[in-house]
Amino acid sequence: MEPVVVLALVAAIVVVFLVASSVRIVPQARRYNVERFGRYRRTLQPGLNLVVPVADRINTKLDVREQVYSSDPRPVITEDNLVVNIDTVLYYQITDPRSAAYEVADYLQAIDQLTVTTLRNVIGSMDLEETLTSREEINSRLRAVLDDATGKWGIRVNRVEIKAIDPPHTIKEAMEKQMRAERDKRAAILHAEGERQAKILTAEGTKQKDILEAQGTQQAMILRADGEAKAVELVFQAVHRNNADAKILAYKYLETLPHLASSDNNTFWVIPGELTEAIRTVTRAFGDQPAAQPEGAADAGADHPSDDGGTPELDAGWTASLDAAAAADEAGKQAAAAVSDAKAEAEAAKSPQTPRRGQTPGSD
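Reading guide: rules and limits
- Residues numbered from 1 in each chain as written.
- Predicted model: local features only at pLDDT ≥ 70, side-chain atom pairs only at ≥ 80, totals over all residues.
- Heavy atoms only, no water.
- Pairing = 2+ DSSP bridges.
- Helix = DSSP H or I, 4+ residues; strand = E, 2+ residues; numbered from the N terminus.
- Axes fitted to C-alpha atoms, helices over the stretch in contact; angles between N-to-C directions.
- Buried < 20%, exposed > 50% of the residue type's maximum accessible area, 1.4 Å probe, protein only.
- Parallel < 35°, antiparallel > 145°, perpendicular 65-115°, else oblique.
- Left-handed = near helix turned anticlockwise from the far one by under 90°.
- Contact = heavy atoms within 4.5 Å.
- Nonpolar A, V, L, I, M, F, W, Y, C, P; charged D, E, K, R; others polar.

Caption draft 1: Examining the sheet that holds strand E2 (residues 30–36) more closely. Taken in spatial order, the 3 strands make up an open sheet running E3-E2-E5, and their pairing is antiparallel. In the strand order of this sheet, the two ends are held by strand E3 (39–44) and strand E5 (56–63), each with one partner. Each adjacent strand pair in this sheet contributes to an overall mean axis angle of 25°, direction not counted. Taken together, the 5 bridges between E2 and E3 define a ladder with antiparallel strand orientation. Residue pairing across strands places Asn-33 opposite Thr-43, the latter belonging to E3.

Caption draft 2: Representation of the pairing of E2. Burial analysis of E2 places 5 of its 7 residues in the buried class, the great majority of the element. In terms of strand pairing, E2 meets E5 through 7 bridges, oriented antiparallel. Each bridged residue has a counterpart across the sheet, and for Arg-31 the counterpart in E5 is Leu-62. In textbook terms, the turn of a hairpin is the stretch between consecutive antiparallel strands, and for E2 and E3 this stretch comprises 2 residues, one of which, Phe-37, has a positive phi near 55°.

Caption draft 3: Up close: unusual backbone geometry. In this model, Val-54 sits at a positive phi of 70°, which is unusual for a non-glycine residue. Not every positive phi belongs to a glycine, and Asn-81 is a case in point at roughly 60°. Of note, Asn-81 is situated in the loop between strand E7 (74–77) and strand E8 (83–94). Classification of Asn-81 by relative accessible area gives exposed; the value is 65%.

Caption draft 4: Fine view of the packing of helix H3 (residues 107–123) against helix H5 (residues 135–150). One way to put it is that H3 packs onto H5 with a least axis distance of 10 Å and a crossing angle of 140°. In terms of orientation, H3 lies oblique with respect to H5. As H3 packs across H5, the resulting crossing turns out to be right-handed. Of the residues in H5, those touching H3 at Ile-111, Leu-114, Thr-115, Thr-118, Leu-119, Val-122 and Ile-123 are Ile-138, Arg-141, Leu-142, Val-145, Leu-146, Ala-149 and Thr-150. When the residues that make up the contact of H3 with H5 are grouped by side-chain class, the tally is 10 nonpolar, 3 polar and 1 charged.

Okay, structure coming up:
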């Protein structure tokens, strides 16, 4: 092989190598830092880029997308001297590839250590209960500190989240007992409130029922009283309009007597003193002349007043202590007998041929 051909072949190989070394293709969301003779030159953007062969070299390749970094659980002491294990999740993004490559040696380790120290400072000022209930406050304070510290590193911290807080086992058991007691307390309170509300509603219902029943009874009594009053008024007007005489009134009075003892609760019944007067009225009404009262009877009535304040007796066999029903029946019988005698005497007075009661035929 001739030397010219060899030199041409070597030159072609060198040209191909130089061309290949000068072309760099950067993927999307990637950044390449280029150094020229060991000094930072520029940052290659996504796409086709040309560099100086041999003089330029790519030092670091960085991903500018948002990254997620989860740290291992770290022990932290709270204000009440309890050790809890806390692990965090960090969301960050590289905004300046040059600073991320040359301002800090290992930005992930730096962020992790800064997160641990900041977390210990924040948790150290809180007790366990406040730590468990103040995650938003802890997250915001961590983000503020990390964002301020990582800004010069070309990194922006978007979010910091506490993934888990693990207290000691004994504390967990105590917390479970406390929560169980709280739930039992709330259940007892709710049960008592339910019973109280049920009793209140029942009492209100009973009250409304009693009120409605009382109002109904009141209305019924008012209507009944109005009806009785109107009935009495109509009877009174009818009696005065028809000009009823004394015999009708006396007869109606005698008819009413048997109803006085119709109730089952009556065990004692007193015969009114107007009964004998009513019988005399009936007798006078159906006879020619009022029957003359024997002087002996008047003297007897004057000498022997009744024990009940002037209530007369029908005959010697009657007493005020008779049973109510028997007294009513006996009074009815006496009244009926008196009316019958009065009618018979009236008929005898109208018919002279018929001998009167107690006379014999042919007597004067």
